[in-house]
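# Structural features, examined
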Amino acid sequence: IDGENISGQFQTITTSGTPDAENTVAHTIGAIPIGYIVLKQDKAGSLYLGSTAWTSSNVYLKCNVATVTFTIFLLK
């Protein structure tokens with residue numbers, strides 16, 4: 001709905017040295033996040049969903065290139 005506030009958590013993550021490897025990102029949102037927004041990254045690469053289901057304590061993301069540092073916002 002337009003105009004509503006959002007809640008979530010900022011995270012800075014550096015992906016694996018292996019392209020397309022699944023990265024576990026721990027969080028303390030207290031619920032399963034509904035998505036994420038990429039705010040910045042230090043080099044070209046695409047961040048995408050891993051194959052493991054998200055939980056109330058971890059999300060699983062992959063990147064198509066090695067060792068990219070992302071700042072993301074996990075949406076509650």
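Since this is a predicted model, take the numbers as computed values, not measurements.

### Some remarks on the packing of aromatic side chains
Each aromatic ring pair is specified by the distance between its two centres and by the angle formed by the two planes. On inspection of all chains with the given rule, the structure shows 2 aromatic pairs. With a centroid separation of 6.3 Å and 45 degrees between ring planes, the pair formed by Tyr36 and Trp54 is classed as tilted. Placement of Tyr36 in strand 3 (residues 35–41) and of Trp54 in the loop between strand 4 (47–49) and strand 5 (58–63) is noted, with a sequence separation of 18 residues between them. When its relative accessible area of 16% is taken as the criterion, Trp54 is described as buried.

### Topic: the environment of Thr24
Counting through the fold element by element, Thr24 comes out in strand 2 (residues 22–26). When residues no more than four places from it in sequence are discounted, the contact partners of Thr24 are Asn58, Val59 and Tyr60.

Calculation rules
- Residues numbered from 1 in each chain as written.
- Predicted model: local features only at pLDDT ≥ 70, side-chain atom pairs only at ≥ 80, totals over all residues.
- Heavy atoms only, no water.
- Phe/Tyr/Trp six-rings, centres within 6.5 Å; stacked < 30°, edge-to-face > 60°.
- Helix = DSSP H or I, 4+ residues; strand = E, 2+ residues; numbered from the N terminus.
- Buried < 20%, exposed > 50% of the residue type's maximum accessible area, 1.4 Å probe, protein only.
- Contact = heavy atoms within 4.5 Å.

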